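# Residue-level structure breakdown
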Amino acid sequence: MMTQPDSQSTAARDMEGQQLPQRTLWQSVVLLQRQFPLLQILVLIAALAYGTLTMDSFLNPFSVRTMLILASLLGLAALGQTLAILVGGIDVSIPAFIVLGSTLITQITGPEGVPLGLAILVIIVLAGFCGGLSGWIAHKYSIHPLIVTLAMGSLVSGVLLGWTNANITGVAPPFLGALTRPFASTFGLPVPPVVIIWLAVGVIMAVVLKRTVFGRQLYATALNPRAADLALVRTRFIWVTVFAISAIASAMTGLLVVGFAGTANATLGDPYLFQGLAAVILGGAAPLTGAVDYWRTMLGAMIFTVLSTLLVAGGFTEADKQITFGLLILVAVGVYGREPRVKDRV
Amino acid sequence: MTMNVADARSSEPRISTTGKTDKPASDREMLVLRGQGLAKSFGATKALRDFSFDLRSGEVHTIQGENGSGKSTLVKVLAGVHTPDSGTIEIDGHLLKQMSSPFQSLQNGIGTVFQEVLVVGPQSVLQNVWLGSDGLFKVRYGHEERVAKATAVLNDLLGLVPDLEAPVETLSLSDRQACSIARALLRDPAVLILDEATSALDVATRDRLFDILRTRAERGKSVLFISHRMDEVTEISDRVTVMRLGETVGTLNRAEATPARLVQLMTGSDVSSEPRKRAATKSKTQRVLLEARSIALLPGRQPINLTVQAGEMIGLAGLEGHGQEALLRALGGGVTSSGEIMMHSQGNTAVVRNETEASKHGIAYVPRERKTEALFLPLSVLDNFALPTLKQDTKGGLLWPAQSRKRFFDLAKRLGIRYNDADAPVSTLSGGNQQKIVMARWLAADPKVLLLNDPTRGVDAHTKQDLYHLLQELTDIGLAVIMISSEVDEHLALMDRVLVMRDQEIFRELNRSEMSRTSIVSAFFGKVEQ
């Protein structure tokens, strides 16, 4: 007979449901995947490897830089969507604010002759106000943000259309074009400035979400609004801020997009609604468990861009492309959309 | 080689699962439900290991066990929510091949009411009572029949039938739960499972429910009853089966099932679930901390005046929905019809206008429903603890988690919180430890007045004892505690004063010498007795 086991403490551990894990390999992989987007990283590496092996020009500097620029624009456009999804909503007014940014910067610095700094300030204030209003209405009257942002997006697009008369004559200020020119460099680094901007935004977002009171309150509001209220979190302020940031980030993306495209038009922002959502979802956002982060979205944006490039370069049609992303989104939702919450509850 | 856990336990004395006074021959036919060797795991967690019991026709059979002992999993297995990994279920002597949905469970004559009040808020009382009775396209009962049956059942349960067309969300919590119990009773199942379903009921409704259960029993219908409240268990049960860590510990007949014996079996030790008598407030300094002046909870109600002294512990009692929660919220800066709340400290007096100001002046409100009102289940233990006091961990606009961790570590030790990893989701802790996390969250704000909304509801005996101990400690150092409790015993043991609420007013104030089971319960019903 060996020593008597400490049955009291074993029992205590059992009651907490925290025995030493006896997981199968598959369970471990699933668990890991839920905490860390392993699958996404593998897909990205595989896609890059496939491109490198099958296409001569895939890894040449121009193509790499172009992919980075496209991923940066998509990633920045998906910032607001990430936050909206995080609080349990959605923002369909993102294209409208991209158009707002791009139209205003070309029109008021060009034909209207407003100085650049002032123009940017006006855009930030306008977008922030309209976005914040969406968040306020959605929270105050408990209306789903899908509806509120749909209305706000329509309103903003309509006003812009009326103002410009669908005739945008200005061109983007040259410095905006420089930010997204493939062979531009940043402080001597051989990458276009927009990529550096994107990385900096990523770092700022990580710090804000993980290491500030606002970030922690944001997750609390998302996961249990009633408990957050009782824990003295000002949840309406959180909603207003989220949708204001989303609008501002989208409008700023609009500046970069028009710099990249040269001229603005009313449909400039349209692709970013689907693509932005796709980036958030492919990155593995799981709002029910609070596993939503901007770095996941960044990963999703890169996957989207690389796969798009492969499909286009491989001679696939737009139809094939849409089918592929439709399937990928379904797979992602299958992995993250329904969490086996029973396991957490015992 | 070391002995494994199961061996260690099996060496303890066991009680025969059949009991001593059985009449073996006739009993076999009277069994309506029998489970043997039931087991169910969720991932690595074995919620149910080896559970066996039998339910006789016409008996009220209680399952008792601490939080995390597997009671809810057992209920969900019987209700068809979970499929057991192993073990057998027999109904009326027939081995059940499959019970993989709540629908099948219902078809087999098992009706279940859960602890969570499951109603569809905006739908009418009638619709809620008959919820799920129709097919997708087929209406099975006519309107008159529905109204008649619902009226009969609700009349038995509530004494007074609410407006059947009113949205169910306009009823009190207790009446809403009565609607979900009525839903199960309507089908007149051979076996009715009540999984802590009584915890949301007020005393009068619960007593009427018990009468209904007794009448059912005479007709040979059985009840599987789950409750943490010892008085309920001893009042209604014919037999009690105790479970611990997902296994059967034993089954006792009513006469053997004394609270002390049950607690001993549940915990494997001699912890009493009875509240220890708290020492009355020591400091007679008469230092007033909180003052309510002419608070009216509803327009036209008798205004409430209340002064709360440092070190004092005040109980709020009454039937469910008579204003206890509204008063507690009002003291914490919540909405009132009229009147004001003042906070006194060091010669200064401040008016408290809302929850944020209340918090600033040292008033902390701890809500009642852990899962819906307090916890963020997927977030870590640490995040759940620190949320309202994060400012303390901020330097240069940034959070320093090491600081939160240190604060948590100190309080966790003081409250006896058992956790493995402060970064793991709070959902991995047991109910009792989750409740302690919620307490720790507000103690971290260093409050002067603690407002507790029924903090011991649905927690196990160990945790209750820890909380009682903590409350003693806190009042000793001069905190004032105002606490709603649905257990009369807690009022008797803990409080310096008890305010019995009735119809949104204070009906009676009882001090220590006036407090008794009779005087408190009489006041619930508007009677003054000593």
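For chain A, the count of helices and strands is 17 helices and zero strands. Buried positions account for 43% of the 346 residues belonging to chain A.

We now examine the overall build of chain B. When its secondary structure is counted, chain B shows 19 helices and 22 strands. Rg of the C-alpha trace for chain B: 24 Å, near the compact-globule value of 24 Å for 530 residues, within the 12% margin. Structurally, chain B occupies a C-alpha span of about 75 × 70 × 50 Å along its principal axes. Scored against the burial criterion, the 530 residues of chain B give a buried share of 47%. Taking contacts inside chain B between residues at least 6 apart in sequence as the whole, the part at least 24 apart equals 70%.

Let us now look at unusual backbone geometry. Residues and elements named next belong to chain A. Positioned with a positive phi, Ser142 is a non-glycine residue whose angle comes to about 50°. Counting through the fold element by element, Ser142 comes out in the loop between α7 (116-140) and α8 (145-164). Residue class for Ser142 comes out exposed when judged on the 7 C-beta atoms lying within 10 Å of it.

We now examine the domain arrangement of chain B. Often, the extent of an interface is quoted as the loss of accessible area upon association of its parts. Residues and elements named next belong to chain B. The domain boundaries assigned to chain B delineate domain 1 (15-118 + 187-267), domain 2 (274-362 + 447-530) and domain 3 (372-446). Every contact between the two is made by 12 residues of domain 1 and, on the other side, 10 residues of domain 2. Residue assignment for the side of domain 1 that touches domain 2 shows that the elements contributing at least two residues are α8 (203-218) and α10 (259-267). With three residues, α10 is the single largest residue contributor to the side of domain 1 that touches domain 2.

Adjacent strands of a sheet form backbone hydrogen bonds with each other and so pair up, either parallel or antiparallel. Residue and element names in this part refer to chain B. Pairing within the open sheet is antiparallel, and its four strands lie in the order β12-β11-β14-β15. This sheet does not close on itself; its edge strands, each paired only once, are β12 (304-309) and β15 (348-352). If you compare each strand with its neighbour and ignore which way they point, the axes differ by 15° on average. In the sheet, strand β14 (residues 338-345) pairs with β15 via five bridges, with the strands oriented antiparallel. Bridge pairing links Ile341 to Val352 in β15. Lying over the sheet, helix α11 (residues 324-331) contacts β11 (288-296), β12 and β14, oriented at roughly 125° with respect to β11.

As a further point, take the packing of α7 of chain A against helix α13 (residues 235-261) of chain A. Residues and elements named next belong to chain A. As a packed pair, α7 and α13 sit with axes 7 Å apart at the nearest point and diverge in direction by 140°. Seen from above, α7 lies across α13 with right-handed handedness. Looking at the contact of α7 with α13 residue by residue, the classes come out as 14 nonpolar, eight polar and two charged.

Examined against the element boundaries, Thr251 of chain B turns out to sit in strand β10 (residues 247-253). Residue classification places Thr251 of chain B among the buried residues on the basis of 23 C-beta atoms within 10 Å.

With 90% of its residues at a pLDDT of at least 70, chain A reaches an overall mean of 86. Confidence over residues 340-346 of chain A falls short of pLDDT 50; this stretch has 12 contacts with residues more than four positions distant or in other chains.

For the rest of this paragraph, the subject is the sheet that holds strand β13 (residues 313-317) of chain B. Residue and element names in this part refer to chain B. Sheet architecture is open: six strands sit in the order β16-β19-β20-β13-β21-β22, paired in mixed fashion. The sheet is open, and its two edges are formed by β16 (363-366) and β22 (505-511), each paired on a single side. Taking the axes of each pair of neighbouring strands and ignoring which way they run, one obtains an average angle of 15° across the sheet. In this structure, strand β19 (residues 449-453) lies alongside strand β20 (residues 480-484), joined through five bridges in parallel fashion. Considered in β20, the bridge of Leu450 is made with Val481. Its contacts with the sheet place α11 against β13, β16, β19, β20 and β21 (497-502), and it is angled at close to 150° to β20.

This part takes up the packing of helix α6 (residues 94-109) of chain A against helix α14 (residues 271-282) of chain A. Residues and elements named next belong to chain A. Look at α6 against α14: their axes get within 8 Å of each other, and the N-to-C directions meet at 125°. Our classification of the angle between α6 and α14 gives oblique. Of the two elements, α6 crosses α14, and the hand of that crossing is right-handed. When α6 is examined against α14, the residues Ile94, Pro95 and Ile98 are found in contact with a partner set consisting of Tyr272, Leu273 and Gly276. Classifying every residue of the contact of α6 with α14 gives five nonpolar, one polar and no charged.

Cut-off values and rules
Residues numbered from 1 in each chain as written. Chains lettered and ligands numbered in written order. Predicted model: local features only at pLDDT ≥ 70, side-chain atom pairs only at ≥ 80, totals over all residues. Helix = DSSP H or I, 4+ residues; strand = E, 2+ residues; numbered from the N terminus. Buried ≥ 20, exposed ≤ 12 C-beta atoms within 10 Å, placed from the backbone. Rg over C-alpha atoms; globule rule 2.2 N^0.38 Å. Contact = placed C-beta atoms within 7 Å. Domains from an automatic or database assignment. Pairing = 2+ DSSP bridges. Axes fitted to C-alpha atoms, helices over the stretch in contact; angles between N-to-C directions. Left-handed = near helix turned anticlockwise from the far one by under 90°. Nonpolar A, V, L, I, M, F, W, Y, C, P; charged D, E, K, R; others polar. pLDDT = per-residue confidence, 0-100. Parallel < 35°, antiparallel > 145°, perpendicular 65-115°, else oblique.

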